[in-house]
Amino acid sequence: MSEPNQTWRSFSRLCTLFIPNEWLMWAGETDEQKQAWREKVALCVIMLVANASFLGFGGLISTFSCANEDQSFDLTIESLMKSLSDSVNHENPTCRALNITTIGIMFVVFAILLIQCICSILYLVRFGRTYCKAVRGEQFQTAKVIVTVPCYNEGEEELKKTIDSVRDESYPKDKKLLLFIADGNIKGKNNDGKDNYDTTPAILSDLLGYKRTGNDPIYSCDSTGYETGDNGEKTPVGNRAKVYHGTTKEGLNYMVIEKCGRPIEGDSGNRGKRDSQIILLQLLNKIQHNQKHRLLPESPRYRGLNELETAIQDCLRKSDFPLKSDQYGERDGLDEVKYLMAVDADTRLGTDSITQMVYSMEAKPRTLALCGETKVENKDDSLVTKLQVFEYYTNHGLKKAFESIFGTVTCLPGCFTMYRLFDARDSNTSPEPLFACDYVYDRYAKNDAVIETLHEKNLYKLGEDRMLTTLLLEKWRQMHLKYVPEAHCYTIVPNKLRVLKSQRRRWINSTFHNILYLMRVDLGGVCCCSMKFVVILDMIGTLILPGSYLYMVIMIYNAIVNHSQVATYTLLVLGFSVFVQLIGPLLRLKFKYLWYAFIYYLVGIPVFYFYLPVYSFWHLDDFSWGATRVIAADDSKKASTVDALDEEQGSCEGDN
């Protein structure tokens, strides 16, 4: 074990008062679960100290020690400048230091908000990059795209919506292939809590028009799962799957990979969403490695395909979607699959989403991956869904637009992202693997048996989409990760608080740990003028989310009751942040978003800034997918023979 890990483990034992493992019955049965509980407590201690310090020095001291009863509440420029001078020259040294620090922080926050506002406006008014059929023609619509959809327990309504949206999207049908990866033969529940009429693979069979029989070929493959022996040793295990392919009556090419597990597992081959992604990632890695080095099967460096990969490659060739032209590496750019698109099974694509994404990729060869805008489809289902509408809008229109200016979008959501498979700009050399290069594949395809720490589990089990994005940023710094607002999709968001809690627990915890990882990645820039500086601010902001909400309440009190100058400036910055978030809907004449913004500010702020972070931080050692994906009672018994299954059950959603 490395020295930093050993130091962290010792600190976690100190924070839990060196309680013996034998006494930690509530933390779990294994030593690994008990260590995760200790690390959770240690992180919670750090967060508590950070929030208490922030509130104590930034709020309470200024409230009770630095109040200025004689100052009138005046917002004129002259009065504000005078109060600013009084604040930085306060007679109390402690108050003077606090005022200067607070004003400095406000200046940084104001500058970032201003830049985000400018970026948002630039993305709203840009017309040059939008695909225009009349001007551009259709010559770029020759690149072949595989649209991958990992699924687990979805029902007919969700799957049909996704299939129809991919089929009806404007990109030519013969240039796109829909690839479903069914994570086990699972029967789920619909949004009303009722059991689906059949398992997800059976529903796919009905919708796409292929037949399943008991004699269908079964192919062995690798997996991320493992088994625990009698002595506690972890042994990686493989998996098995079936493959179906064909063309729908409307002319859409499709393929279905159905994990069916080893014989001991019955019909369940559930290994989680990351495992589904790795099936295709591993195939691409092997094929592109052999193609890059022009290796033949007899070469010792040749990477051979397993049974499932061979079956997938054969089906792709039969569908005229080859991952390479022939075994000798000779290339024909119009025949190969150039792009891989990731879509969730409950996502509905916009009518020209793939077209917009491919055009953006073709227009800028240095773009490695890009995402579009994800919108809420069930806006008015409940108060919980209404709270999320404006949040989704600002996360894309502000945060992703800001990051895209620098070409470093830090989270490409698994529900709506397109990846470039290889770099073929130099026609004199073999194409360079990008998405499935050795660096990304080796780090992302870890077996669950070697993922032991609390930090790694949050990265790989809960935040796989963020982790994949981070690895791409880490390896391909010269390439760009972009946001294309012209491409959009619609997703179903949680309509009940218990489901929202489960989702945001995963998002908040995985985001925090991913930001910790991002801090060691070179994102370009210098000091404060760099994305790493923004990442550090994100980390601090995530750490003190509960304290920031209480701080806002204290500042409102100080400004109104104590007439605090600094509190007044703080409220002005908060007011500017509201203006920045509202400028997008105003410029786009989407006035209904103002109603959702009102609900968000009135009810959503305490929920998203206080309640959900506190709940998430205390459940840092919970790696399940909770209430987001529920399966029928009869199927819950089938996914228990591989230890990794219970932790990743139903992982079909990406991080936004």
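Residues numbered from 1 in each chain as written. Predicted model: local features only at pLDDT ≥ 70, side-chain atom pairs only at ≥ 80, totals over all residues. Heavy atoms only, no water.

Draft legend 1. Local environment of the environment of Phe 57. Looking at the secondary structure, you find Phe 57 in helix α2 (residues 31–64). In sequence terms Phe 57 and Leu 98 are 41 residues apart; their C-alpha atoms lie 7.2 Å from each other. (Helix = DSSP H or I, 4+ residues; strand = E, 2+ residues; numbered from the N terminus.)

Draft legend 2. View of the sheet that holds strand β14 (residues 480–491). Taken in spatial order, the 10 strands make up an open sheet running β3-β6-β7-β2-β1-β8-β11-β10-β14-β9, and their pairing is mixed. Two strands in the sheet have a free side with no partner beyond their single neighbour: β3 (219–221) and β9 (347–349). Across this sheet, the average inter-strand angle for adjacent strands is 30°, counted without regard to direction. Set on the sheet, helix α6 (residues 156–168) makes contact with β1 (144–151), β2 (176–182), β8 (337–343) and β9; between it and β9 the angle comes to about 20°. (Pairing = 2+ DSSP bridges. Axes fitted to C-alpha atoms, helices over the stretch in contact; angles between N-to-C directions. Contact = heavy atoms within 4.5 Å.)

Draft legend 3. Up close: the nonpolar core. Residues Ile 146 and Ile 312 are the most contacted members of the largest nonpolar core, which totals 100 residues. When residues in this core are grouped by element, the largest group, 10 residues, is from helix α19 (residues 592–618). Excluding its chain neighbours within four sequence positions, the residues that come into contact with Ile 312 are Val 243, Met 255, Ile 257, Ile 279 and Leu 283. Of all hydrophobic cores here, the second largest spans 36 residues; its members include Tyr 244, Val 256, Val 358 and Ala 487. (Core = buried A, V, L, I, M, F, W, Y, C linked by side-chain atoms within 4.5 Å. Buried < 20%, exposed > 50% of the residue type's maximum accessible area, 1.4 Å probe, protein only.)

Draft legend 4. Molecular detail of the pairing of β14. In terms of burial, β14 is largely enclosed, as 11 of its 12 residues are buried. In this structure, β9 lies alongside β14, joined through three bridges in antiparallel fashion. Bridging from a neighbouring strand, Thr 347 pairs with Thr 491 of β14. One ladder, built from eight bridges, connects strand β10 (residues 367–376) with β14; its direction is parallel. Counterpart to Ala 369 in the pairing with β14 is Leu 481.

Draft legend 5. Local environment of helix α15 (residues 497–518). Between its first and last C-alpha atoms α15 spans 30 Å; for 22 residues at 1.5 Å apiece the expected length is 32 Å, and the two agree. Counting buried residues along α15, 19 of its 22 residues qualify, which places the element largely inside the surrounding structure. (Expected span 1.5 Å × (residues − 1).)

Draft legend 6. Molecular detail of the packing of aromatic side chains. In total, this model carries 15 aromatic pairs according to the counting rule given. When the ring of Tyr 419 is compared with that of Phe 435, the centres are 4.6 Å apart and the planes differ by 35°; the resulting orientation is tilted. Of the two residues, Tyr 419 sits in strand β11 (residues 416–420) while Phe 435 sits in the loop between β13 (432–433) and α12 (438–444), which places them 16 residues apart along the sequence. Side by side, Tyr 419 and Phe 435 carry an identical accessibility label, which is buried. An angle of 70° between the planes, with centres 6.3 Å apart, marks the rings of Tyr 593 and Tyr 596 as edge-to-face. One end of the pair, Tyr 593, and the other, Tyr 596, are both in helix α19, three residues apart, so they sit about a helical turn from each other. Every member of this aromatic cluster is reached through a ring pair, and the members are Phe 390, Tyr 393, Tyr 593, Tyr 596, Tyr 600, Tyr 601 and Phe 608. One residue, Lys 144, lies across the ring of Phe 321, its end atom 5.2 Å from the ring centre. Taking NZ or CZ as reference, Arg 348 lies 4.2 Å from the ring centre of Tyr 490, over its face. (Phe/Tyr/Trp six-rings, centres within 6.5 Å; stacked < 30°, edge-to-face > 60°. Lys NZ or Arg CZ within 6 Å of the ring centre and 35° of its normal.)

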